[in-house]
Amino acid sequence: MKSIILIFMGSVVLVSQGAQAQDMEARARAAAAASRTKSSDSDAITSNYLNPGLAGEAISTVDSSRSFTANLACQKSATMLELLVQPGATGDITHLSIARDSDLDGSFDQNLTLPAPVSGICANGIVSCDSGSWNNCTPFKWDVESSGNLKLSQVPLTDLSACYCVNASCGSNLVLGNLNSVLKDLGGGIIGALTTADPRIGVAQASIEGPVIRYVGAQTTACSAVPSLFSTSYRADSTAISGDASASAQGSSVFQALAGSASATGKAEVTRSCSIDREISVKPWDFDDILGVAGAVTSVIPCGTGCRRYQIRGSGTCGSVPPIHTATFDPIAPARIVSARIVEMGADDWVQARVNGQIVGYAGKRPWTGEALPSGDCRISGDAYYNRTAIDITPQLRAGAMTVGARVRAGGDGNWGYVTVEVQVDTSCEVSERLVDLCAGYTQDAACRLDSENVDGVTTFSNGVNTGLKPLAQTRLFGTGNCTFQYSRDFFERDRRYKCLIDSGELSAPDLSRSAYIIDHSTQTLLADRTLSSDGSLSTSTRAFSLPDRGTVPACEPICKTRAPRANSDVAISGVVGASQNDPAGWNSFYHSCTADNVCPLGDGEELVTACGCLDDFPEAAVMMQTVRLAGSDLACRAGTP
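In short, a report on the structure. As the structure is a prediction and not an experimental result, all values here were calculated from the model. (Residues numbered from 1 in each chain as written. Predicted model: local features only at pLDDT ≥ 70, side-chain atom pairs only at ≥ 80, totals over all residues. Heavy atoms only, no water.)

## Topic: the overall build of the protein
Alright, step 1. The helix and strand tally for the protein stands at 12 helices and 38 strands.
Alright, step 2. Within the protein, the fraction of its 642 residues that count as buried is 32%.
Alright, step 3. Long-range pairs, those at least 24 residues apart, make up 62% of the contacts in the protein between residues at least 6 apart in sequence.
Alright, step 4. Accessible surface, the protein as shown: approximately 37300 Å² in total, 53% of it carbon and sulfur. (Helix = DSSP H or I, 4+ residues; strand = E, 2+ residues; numbered from the N terminus. Buried < 20%, exposed > 50% of the residue type's maximum accessible area, 1.4 Å probe, protein only. Contact = heavy atoms within 4.5 Å. Areas by Shrake-Rupley, 256 points an atom, 1.4 Å probe, with all protein chains shown as cover.)

Put into structure tokens, the structure is as follows:
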């Protein structure tokens with residue numbers, strides 16, 4: 001941030017002396033050319049502002065008329081890190097030594113030599129394999145111990161990124177032939193681990209001399225020996241900054257003054273987040289989830305899928321009032337009860353079936369259809385009596401809790417009676433689907449506009465603009481066990497953010513009628529106006545109007561496209577990618593800004609693909625990105641048997 005401020009300061013100095021002798025366009029072109037020289041790309045900004053600022057050297061203004069020395073670092077080291085690589089006969093890096101000045105006092109205090117060969121290089125680590133091959137590989141990630149010392153930690157290959165092979169199994173002389181990029185990749189991974197562990201460390205400059213890369217370092221943001229400082233805590237917890245900023249604002253007199261000013265009142269824009277979720281629920285049903293039974297049930301026998309038979313059984317008496325043995329059937333889910341029947345009654349001598357106290361049937365040697373006892377004495381011996389005529393009691397059970405009683409009259413050796421109730425229920429899985437739209441209110445609100453939308457991980461709206469991307473229809477599994485279903489839908493979740501205008505009512509909306517009249521009635525040669533007089537009347541006027549000649553500008557900045565051959569030595573979990581291709585050779589594509597005389601500046605080993613001109617390769621880039629996205633969708637894994 002400090003470097004950017006310096007650039008702005010320099011641009012002000014630029015228009016001091018001699019500016020009045022030039023016209024406005026010439027001064028603007030001169031300022032643009034000078035600024036482009038100092039800050040046209042990241043390398044220019046680094047060399048002109050960042051490196052001098054961290055190293056305590058002089059920084060000059062845009063026109064180089066003034067300079068000053070900034071002290072942006074607490075400690076500086078001429079060589080914070082030094083890395084030396086030497087490849088062996090197998091192409092592996094057999095010697096990799098690292099010297100580090102951890103406390104930035106100007107002398108090395110940690111020296112590390114890797115005990116194993118380096119067969120592959122990653123953006124954040126290395127891969128070590130059997131010499132000259134890609135067998136028995138072990139991935140390592142650059143890491144920092146609690147003491148601050150650099151180390152390598154063994155990790156899965158998926159924890160590393162941008163890995164590629166450098167030994168003889170992937171090509172010849174890969175390390176020495178690409179020495180600069182090898183050194184930068186190794187050094188970049190180490191610097192990334194160090195700055196992650198201690199955010200105060202800044203790298204001012206990197207230089208390569210043969211097989212050695214050196215980094216000039218500095219300690220910034222906090223002059224303390226303890227890296228866990230309040231000023232760097234937001235790196236680990238970025239969400240804490242909101243609460244801290246609010247607390248700081250409440251105690252700031254400047255902020256409160258601005259908050260109470262006219263500029264802070266009136267209309268404001270707030271961000272609202274919402275979602276549209278497709279909820280699909282699968283509920284398995286068990287018999288006991290549908291019906292509860294309690295009472296004088298002596299046995300329960302299954303009779304098929306979703307079917308049970310309950311026997312209500314007990315002994316009777318002839319010398320007194322016959323007892324009633326009762327069971328209660330409680331329908332937990334009445335809609336899932338298919339049928340309920342009394343399928344059998346048996347007794348020695350009589351049994352009477354009752355539902356909710358009402359007599360519905362009997363079994364015995366003579367009828368028993370009333371409250372009075374049947375005629376005749378209880379028999380002492382003989383066969384039992386049965387009644388297997390089904391009696392439908394489904395309506396009574398669906399209506400609520402139902403009692404079924406067996407009134408038994410018996411004597412002698414055969415002293416028993418029973419009633420069997422069969423209940424059939426629906427235990428099939430229950431599936432429900434609904435859309436929960438929490439964005440409907442914002443969609444219908446004229447003061448709100450859609451700012452961003454993410455549909456199943458695909459960004460379809462960004463900053464109020466439709467990206468043109470749409471997610472593929474997805475297939476997901478729902479439920480568990482026997483109740484597992486597969487559903488394909490165009491989307492399952494939409495996450496949206498709306499920006500809504502709110503009006504505090506303290507300021508009235510500005511009158512824009514005059515500006516609207518000027519825009520609607522003016523032309524390129526005529527300026528129309530409408531003014532309000534003191535007596536409230538409106539008066540209109542017109543006058544000639546013209547814009548100065550702006551000259552012609554190029555239709556675009558001419559660029560050219562080049563390419564350079566490369567061996568596909570990238571690494572995946574299955575091994576070296578090039579080993580799975582018919583031709584492992586490939587190309588790296590580059591784009592360059594053409595020179596003033598319309599010449600393409602070719603780099604080392606590059607050949608021209610497209611000459612200088614107004615190139616538009618956006619369709620090709622869009623196709624490539626869409627291909628990667630669709631491939632990622634095709635490679636998505638899910639559990640279960642297809």
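## Observations concerning the sheet that holds strand E10 (residues 164-165)
Alright, step 1. Spatial strand order, E9-E8-E7-E6-E10: 5 strands in an open sheet with antiparallel pairing. Each edge of the open sheet carries a strand with a single partner, namely strand E9 (150-154) and E10.
Alright, step 2. Bridge count between strand E8 (residues 138-144) and E9: 5 bridges; the pairing is antiparallel. In the strand pairing of E9, lysine 141 is matched with serine 153.
Alright, step 3. Strands in contact with helix H5 (residues 179-197) are strand E6 (120-121), strand E7 (125-128), E8, E9 and E10; relative to E8, the strand with the most contacts, it is inclined by about 50°. (Pairing = 2+ DSSP bridges. Axes fitted to C-alpha atoms, helices over the stretch in contact; angles between N-to-C directions.)

## A short note on the packing of aromatic side chains
Alright, step 1. Within this structure, the stated rule accounts for 7 aromatic pairs.
Alright, step 2. Here tyrosine 442 and tyrosine 498 contribute two aromatic rings whose centre-to-centre distance is 5.7 Å and whose plane-to-plane angle is 40°, an arrangement assigned as tilted. Taken together, the residues span a long stretch of sequence, with tyrosine 442 in helix H10 (residues 440-444) and tyrosine 498 in strand E31 (residues 493-503) at a distance of 56 residues.
Alright, step 3. Overall, tyrosine 498 belongs to the buried group, its relative accessible area being 4%.
Alright, step 4. One aromatic cluster in this structure is built from Phe478, Phe485, Tyr487 and Phe492.
Alright, step 5. Geometry around tryptophan 285 places lysine 283 over its ring, the cationic atom sitting 4.7 Å from the centre. (Phe/Tyr/Trp six-rings, centres within 6.5 Å; stacked < 30°, edge-to-face > 60°. Lys NZ or Arg CZ within 6 Å of the ring centre and 35° of its normal.)

## Structural notes on the state of the cysteines
Alright, step 1. Scanning the model with the defined rule gives 10 disulfides in all.
Alright, step 2. Between the sulfur atoms of cysteine 129 and its disulfide partner cysteine 137 the distance amounts to 2.0 Å. Disulfide cysteine 129-cysteine 137: torsion about the S-S bond near 110°, hence right-handed. (Disulfide = S-S within 2.5 Å.)

## Considerations on the layout of surface pockets
With a probe scaled to a water molecule rolled over the atoms, the places where space remains empty come into view.
Alright, step 1. Taken as a whole, the largest pocket encloses approximately 660 Å³ of empty space.
Alright, step 2. As for the largest pocket, its lining consists of 21 residues, of which Gly177, Asn178, Ser181, Arg566 and Asn588 are closest to the centre.
Alright, step 3. Among the elements of the structure, E10, helix H4 (174-177), H5, strand E34 (559-567) and strand E37 (585-593) are those that each provide at least two residues to the lining of the largest pocket.
Alright, step 4. Sort the elements by how many residues they give to the lining of the largest pocket and H5 lands first, with 5 residues.
Alright, step 5. Among the residues forming the lining of the largest pocket, the class breakdown is 9 nonpolar, 6 polar and 6 charged. (1 Å grid on protein atoms, 1.4 Å probe; cavity = no way out; pocket = protein on both sides within 12 Å on 5 of 7 lines; lining within 4 Å. Points joined across faces, edges and corners; volume = space filled by probe spheres on them. Nonpolar A, V, L, I, M, F, W, Y, C, P; charged D, E, K, R; others polar.)

## What to know about the side chain of lysine 38
Alright, step 1. As for its position among the elements, lysine 38 is in helix H2 (residues 24-39).
Alright, step 2. For the buried lysine 38, no salt bridge exists, and the shortest N-O distance to an oppositely charged side chain is 6.9 Å, to aspartate 63.
Alright, step 3. At 3.4 Å, the side chain of lysine 38 forms a polar contact with the side chain of serine 64.
Alright, step 4. Ignoring anything within four residues of it in the chain, the contact list for lysine 38 reads Ala44, Ile45, Asn48, Tyr49, Ser60, Thr61, Val62 and Ser64. (Lys, Arg positive; Asp, Glu negative; His and termini not counted. Salt bridge = Lys/Arg side-chain N within 4 Å of Asp/Glu carboxyl O. Polar contact = N/O pair within 3.5 Å; in protein donor to acceptor, adjacent residues only side chain to side chain.)

## Quick look at the pairing of E8
Alright, step 1. Sheet analysis places E7 next to E8, joined by 4 bridges and oriented antiparallel. Looking across to E8, one finds that valine 127 is bridged to proline 139.

## A look at the sheet that holds strand E17 (residues 324-331)
Alright, step 1. Read across the sheet, 5 strands follow the order E14-E17-E23-E19-E20 without closing on themselves; strand pairing throughout is antiparallel. Sheet topology places strand E14 (291-295) and strand E20 (358-363) at the edges, where each strand pairs with a single neighbour. Pairs of neighbouring strands in the sheet enclose a mean axial angle of 20°, with direction left out of account.
Alright, step 2. The sheet contact formed by E14 and E17 spans 5 bridges and is antiparallel. From the neighbouring strand, alanine 294 faces E17, where its bridge partner is threonine 328.

## Describing the pattern of salt bridges
Alright, step 1. In the structure shown here, the tally under the stated rule is 22 salt bridges.
Alright, step 2. Close ionic contact of glutamate 433 with arginine 278 constitutes a salt bridge, the shortest N to O distance being 3.1 Å. Within this pair, whereas glutamate 433 is found in strand E25 (residues 430-437), its partner arginine 278 is found in strand E13 (residues 267-283), the two being separated by 155 residues in sequence.
Alright, step 3. By relative accessible area, arginine 278 is classed as buried at 14%.
Alright, step 4. With its nearest N and O atoms 2.9 Å apart, the salt bridge here joins arginine 308 to aspartate 288. Residue arginine 308 is found in strand E16 (residues 307-314), and its partner aspartate 288 is found in helix H8 (residues 287-290); the two are separated by 20 residues along the sequence.
Alright, step 5. Among the charged side chains, a network of salt bridges with common partners joins Arg278, Glu433, Arg489 and Asp490.

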